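Analysis of the macromolecular model
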Amino acid sequence: MKVFEAIKEMRRLSAENKSFGFSFMSCNLTNQSSEGVITVRKARLLKRESIKHHKNAEIVEAYIDLDTMESRRFYQPLLMSFNGEKVVLQ
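The rules behind each value
Residues numbered from 1 in each chain as written. Predicted model: local features only at pLDDT ≥ 70, side-chain atom pairs only at ≥ 80, totals over all residues. Heavy atoms only, no water. Phe/Tyr/Trp six-rings, centres within 6.5 Å; stacked < 30°, edge-to-face > 60°. Buried < 20%, exposed > 50% of the residue type's maximum accessible area, 1.4 Å probe, protein only. Helix = DSSP H or I, 4+ residues; strand = E, 2+ residues; numbered from the N terminus. Core = buried A, V, L, I, M, F, W, Y, C linked by side-chain atoms within 4.5 Å. Contact = heavy atoms within 4.5 Å. Patch = residues over 30% accessible without salt bridge, like charges linked within 9 Å, V, L, I, M, F, W, Y side chains within 5 Å. Areas by Shrake-Rupley, 256 points an atom, 1.4 Å probe, with all protein chains shown as cover. Salt bridge = Lys/Arg side-chain N within 4 Å of Asp/Glu carboxyl O.

Moving on, we come to the packing of aromatic side chains. Under the definition given, this model contains eight aromatic pairs. Relative to F24, the ring of F22 lies with its centre 5.7 Å away and its plane at 20°, an arrangement referred to as stacked. Of the two residues, F22 and F24, neither departs from the other in class, the shared state being buried. Seen from their ring centres, F22 and Y63 are 5.0 Å apart, and the 90° between their planes marks the pair as edge-to-face. One end of the pair, F22, is in strand 1 (residues 20–25); the other, Y63, is in strand 3 (residues 60–65), and 41 residues separate them in sequence.

Let's shift gears to the nonpolar core. Ranked by size, the top nonpolar core spans 16 residues in total, and within it M10, F20, F22, Y63, F74, L79 and F82 carry the most contacts. Going through the elements one at a time, helix 1 (3–15), strand 1, strand 2 (37–45) and strand 5 (79–82) are the ones with two or more residues in this core. Per element, the largest residue contribution to this core is five residues, and it comes from helix 1. If near-sequence neighbours (up to four positions away) are discounted, M10 is found in contact with F20, F22, L45, F74, L79 and F82.

Here the focus is a nonpolar patch on the surface. A cluster of nonpolar side chains, contributed by M25, V37 and M80, occupies part of the molecular surface with about 220 Å² of accessible area. In this structure, M25 sits in strand 1.

See below:
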């Protein structure tokens, strides 16, 4: 599955109030570090941020982890899997 297909499906499921699982490679540009692969079992996407609130808003997705109820973010190009299916950047 391609990244943008996965993101589109994530948005559709979120709009229907349904959860999904995914994994991504973490990336902290401020600290220039990574915590490795992050796996989220149950999540929904949140409303996208505007460019005035996040300089990379076009490629960042905000989500809520439904297991911890924490709001987090991931970079679209670093998405690795969606609902158990491998995601490729194309």
